[in-house]
Amino acid sequence: FFFLKTFLKIMGASASISAAMKSKRLSKDQIAASVTASPILSFFNFNDYADDKGTISLEEIMHIFSQKTDVFLTHDWGINQFNHKRVARVNKALQSRGITTWFDDEQMEGDIKSKMTSGIDQSRVVVTFITSRYMKKVAGTNAEDNCRLEFGYACRRKTGARMLPVVMEPEMRDTSQWEGQVGLVLGGSLYVDLCDEEGFDAKIDDIVNRVSKIMGPPLKKIIESINWGELHLDSNAISVGSSASPQKSVPAPAASPAAAASPTTTSSAVPDELFTALVNWFVKEVKVVPKVAEKYSHLLIEAEVGTIDRLKKKLNKNQNFLLEKGFDEDDSDDIIKAMFGESHAVAVPVAVAVKAPVHEEEVAKVTAHNYDQYKTLTGHSGAVKIIIQLQDYRICSGGDNDLRVWRLDGTCEQVLRGHTNSVVAVYQMNDGLVCSAGMDKMIRVWNLRTGSNIMTFAGHNDSVFTLCALPDGRLVSGSADNTLRVWNLSTQKCELIIKGHSDSVQFAILLWDGTICTASWDKTLRTFNVQTGNTINVFKGHTDKLVHVNQLADGRICSCSVDTTIRIWNVKTAACERVLTGHTSNSRWTVQIMNGQLVSGSKDQTIRFWNVNTGATEKILTGHTDYIRCLLLLNDDRVVSGSDDTTMRIWG
């Protein structure tokens, strides 16, 4: 196990872990209470592994981490394995810098497809090595080509935001020449140039830095930073070498210069009064002990946040700032309450602490589901019109005037109030902020940690039905006023108004190529250039209003309409390639599950599973007693449905 190997490395070459220690069971609160161990909770859903007493063994934690890697390396082997050998060198260089990797020279045994999909699922970032041969293989017609399979699956599971391109050939430096899916997904991304060997080490460092910006600290660094003494593990369970004397605690890694300073000494570049003021505030307002207050003060000064006012501004912009800097989760909540007051913490009494930030997609085990069983979530007073999955694995829903945040066991943890009419659109940005919009014509931006509405955007002349984000962090909204608006969250201004539709814009998505695709009541789909606002393509064929659009794993798009049909389109040609019929009323929403089936919800109160190649209905689910408004695909391949009957159901 990687976790075990790392632990042993920290302990020394001859260290060993007794069976008693591996079987030591830890509660979530016990782990969360440890400043150094709490980050591991970000990498798995504790409740999925806990026993009836709410505990998990160290051995189980070791097993979970043994399956994870920081990066997945996808590449073409090249003629005579030339490119493969180059990537192998990169692989070793990354590993020497503490990055754990999935590399097909080491991992490809047994069921290759299963290994590939698991490798991508368990990795935090996908590094794509761009060559002309790789690009052609991805864009080719061989459905069994490993490069094509890897890239397509990575696009679906990670999206372009968690993929880093590395150019391996001089002719690939011009991204305007990138074709097919590679061009669609990564053509607008800043790449690392590895075309020659000059400055190889500096280029590897660049890859490490870029990867770390996407995912956060490497797994190895997170694990090595854990002070096992904080978890109150039995020191007699650890033995070193042939000596029988116990080791009291695991040595901590080398501290940063600021943190390594004595508790009462600050860097010469930092005025003593700033450090003292921070320490005093933490002790007085947060009620932490002086030693912890000094640690937190060092962390803030290292982050160039020297005052409480600056910290408050940071938290309003990034709800996870404290956790990202290494603060304890419970202390972070107390700090926020001390700064903003209880009224900002959460809007309802049932609220509990928000989980730690997540730097990767949830990597739960995907099992085969028959979708005949479901769990019902109740709490909304009106129709449930939108459901999304948050970065911390929970789900967020809207429909009445409120947003609700749920655990998957059905517990409502937060209610966010501010809208004066139905919430019909919710979207979470990469920085963790949640945006919502509705029939009150307003767009609101929420900090989930404080429960506060930190920004409000007004500009649309009618209901706002849809939200999505661009790769550069800007927000796109679509409205019943027939327009799209592009908003800059930093300046809080509308930068572009996009026109083209002659009726309400009901749904908008970001396609792999960076364009926006919209579904409208004018019976058409449109793709737009979000830099110029120009229409690229118009998709015609539906005979009634369109209400939803979704991009499939193979790059095609599918649309739902009041005409009861679902249509599958070629993005480039705007040609309709298949019409799915079966629903007896409005088709409303689609998601695509792991086996390739398309799942749809409808006003006819049914959920249908379709074979997208034949158009045949393969399964029908019933249970809701009213219009099914929305669907969500969870990371573990379960499906969540929201309905006018005010309930949500999790099917699995």
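Residues numbered from 1 in each chain as written. Predicted model: local features only at pLDDT ≥ 70, side-chain atom pairs only at ≥ 80, totals over all residues. Heavy atoms only, no water.

Student: Break down the overall build of the chain for me, citing the residues and quoting the values.
Tutor: Along the backbone of the chain there are 20 helices and 37 strands. The buried share among the 652 residues of the chain stands at 55%. When contacts within the chain are restricted to residue pairs at least 6 apart in sequence, long-range pairs at least 24 apart make up 56% of them. Split by element, the accessible area of the chain, about 27,000 Å² in all, is 48% carbon and sulfur. (Helix = DSSP H or I, 4+ residues; strand = E, 2+ residues; numbered from the N terminus. Buried < 20%, exposed > 50% of the residue type's maximum accessible area, 1.4 Å probe, protein only. Contact = heavy atoms within 4.5 Å. Areas by Shrake-Rupley, 256 points an atom, 1.4 Å probe, with all protein chains shown as cover.)

Student: For the nonpolar core, give the residues involved together with the corresponding values.
Tutor: Core analysis: the biggest nonpolar cluster contains 51 residues, and Ile 395 and Ile 557 have the highest contact counts within it. Not counting the four nearest positions on each side in its chain, Ile 557 is found in contact with Leu 511, Cys 517, Leu 525, Phe 539, Val 549, Asn 550, Gln 551, Arg 567, Ile 568, Trp 569 and Val 571. Val 279, Tyr 296, Val 305 and Leu 322 belong to the second-largest nonpolar core, a separate cluster that totals 24 residues. (Core = buried A, V, L, I, M, F, W, Y, C linked by side-chain atoms within 4.5 Å.)

Student: Pulling in residues and values, what's your account of the packing of helix α9 (residues 132-139) against helix α10 (residues 146-157)?
Tutor: With their axes 7 Å apart at the nearest point, α9 and α10 run at an angle of 75° to one another. Of the possible angle classes, the one that applies to α9 and α10 is roughly perpendicular. Of the residues in α10, those touching α9 at Tyr 134, Lys 137 and Val 138 are Cys 147, Arg 148 and Phe 151. For the contact of α9 with α10, the residue count by class is four nonpolar, no polar and two charged. (Axes fitted to C-alpha atoms, helices over the stretch in contact; angles between N-to-C directions. Parallel < 35°, antiparallel > 145°, perpendicular 65-115°, else oblique. Nonpolar A, V, L, I, M, F, W, Y, C, P; charged D, E, K, R; others polar.)

Student: Tell me about the sheet that holds strand β36 (residues 639-643), and please be specific about residues and values.
Tutor: Judged by pairing direction, the sheet is antiparallel, and its four strands sit side by side in the order β10-β37-β36-β35 without closing on themselves. Of all strands in the sheet, those bounded by a partner on one side alone are β10 (374-377) and β35 (628-633). In this sheet, neighbouring strand axes are inclined to one another by 20° on average, regardless of whether the strands run parallel or antiparallel. The pairing of β36 with strand β37 (residues 648-651) spans four bridges and is classified as antiparallel. Its bridge partner lying in β37, Ser 641 is registered against Arg 649. (Pairing = 2+ DSSP bridges.)

Student: Give a detailed account of the sheet that holds strand β30 (residues 576-580), specifying residues and quantitative values.
Tutor: One open sheet accounts for four strands, arranged β27-β28-β29-β30; its pairing is antiparallel. Bordering the open sheet on either side are β27 (546-551) and β30, each of which pairs with just one other strand. Looking at each pair of strands side by side, their axes are set apart by 20° on average, direction ignored. In terms of strand pairing, strand β28 (residues 557-561) meets strand β29 (residues 566-569) through four bridges, oriented antiparallel. Among the inter-strand pairings, Ser 559 is bridged to a residue of β29, identified as Arg 567.

Student: Describe in detail the pairing of strand β20 (residues 475-479), supporting the description with residues and values.
Tutor: In terms of burial, β20 is largely enclosed, as five of its five residues are buried. Side chains Leu 475, Ser 477 and Ser 479 of β20 all project onto a buried face; the interleaved residues Val 476 and Gly 478 project onto the opposite face, where all are buried too. In terms of strand pairing, strand β19 (residues 464-469) meets β20 through five bridges, oriented antiparallel. In the sheet register, Leu 467 faces β20, and the bridge partner there is Ser 477. Where β19 folds back onto β20 in an antiparallel hairpin, the turn is made up of five residues, including Gly 473, whose phi is positive at roughly 95°. Between β20 and strand β21 (residues 484-488), which pair antiparallel in sequence order, lie four residues; one of them, Asn 482, sits at a positive phi of approximately 80°.

Student: Explain unusual backbone geometry to me, and be specific about the residues and the numbers.
Tutor: A negative phi holds for most residues other than glycine; trans holds for most peptide bonds. Positive phi outside glycine occurs at Asn 482, with the angle close to 80°. Although it is not a glycine, Gln 492 sits at a positive phi angle of roughly 60°. Here Gln 492 lies in the loop between β21 and β22 (493-498).

Student: Any chance you could break down the environment of Ile 204 for me, citing the residues and the numbers?
Tutor: By the secondary structure assignment, Ile 204 is in helix α12 (residues 200-215). Assessed through its relative accessible area of 0%, Ile 204 is described here as buried. A C-alpha to C-alpha distance of 9.0 Å links Ile 204 and Val 192, two positions twelve residues apart in sequence. Beyond its immediate stretch of four places on either side in the chain, Ile 204 contacts Val 90, Ala 93, Leu 94 and Arg 97.

Student: Tell me what's going on with the packing of aromatic side chains, and back it up with residues and numbers.
Tutor: This structure, assessed with the given rule, holds twelve aromatic pairs. Judged by centre distance (4.4 Å) and plane angle (20°), the rings of Phe 72 and Trp 102 are stacked. Of this pair, Phe 72 sits in strand β4 (residues 69-74) while Trp 102 sits in strand β5 (residues 101-102), and the two are 30 residues apart along the sequence. Assessed through its relative accessible area of 0%, Phe 72 is described here as buried. Ring plane angle 20° and centroid distance 4.2 Å describe the contact between Tyr 296 and Phe 327, whose orientation is recorded as stacked. Here Phe 327 lies in the loop between α18 (321-324) and α19 (329-340) and Tyr 296 lies in helix α16 (residues 290-302), a separation of 31 residues in the sequence. Assigned by exposure class, Tyr 296 and Phe 327 land together as buried. Among the aromatic residues, those joined into a cluster by ring pairs are Trp 281, Phe 282, Tyr 296 and Phe 327. For the cation-ring pair, Arg 89 lies above Phe 200, with the distance from its terminal atom to the ring centre recorded as 3.6 Å. The lysine or arginine in question, Lys 545, covers the ring of Trp 521, its NZ or CZ lying 4.1 Å from the ring centre. (Phe/Tyr/Trp six-rings, centres within 6.5 Å; stacked < 30°, edge-to-face > 60°. Lys NZ or Arg CZ within 6 Å of the ring centre and 35° of its normal.)

Student: An account of the pattern of salt bridges is needed here, citing residue identities and associated values.
Tutor: Opposite charge on two side chains permits pairing when their charged atoms draw close. Per the stated rule, a full pass over the model turns up 18 salt bridges. Measuring nitrogen to oxygen at the nearest pair gives 3.0 Å for the salt bridge that ties Asp 372 to Lys 619. Here the residue Asp 372 occupies a position in the loop between α20 (342-345) and β10, and Lys 619 occupies one in strand β34 (residues 617-622), the gap between them amounting to 247 residues. The closest approach of N and O atoms between Glu 413 and Arg 407, which form a salt bridge, is 3.9 Å. Among the charged side chains, a network of salt bridges with common partners joins Arg 173, Asp 193, Asp 196 and Lys 203. (Salt bridge = Lys/Arg side-chain N within 4 Å of Asp/Glu carboxyl O.)

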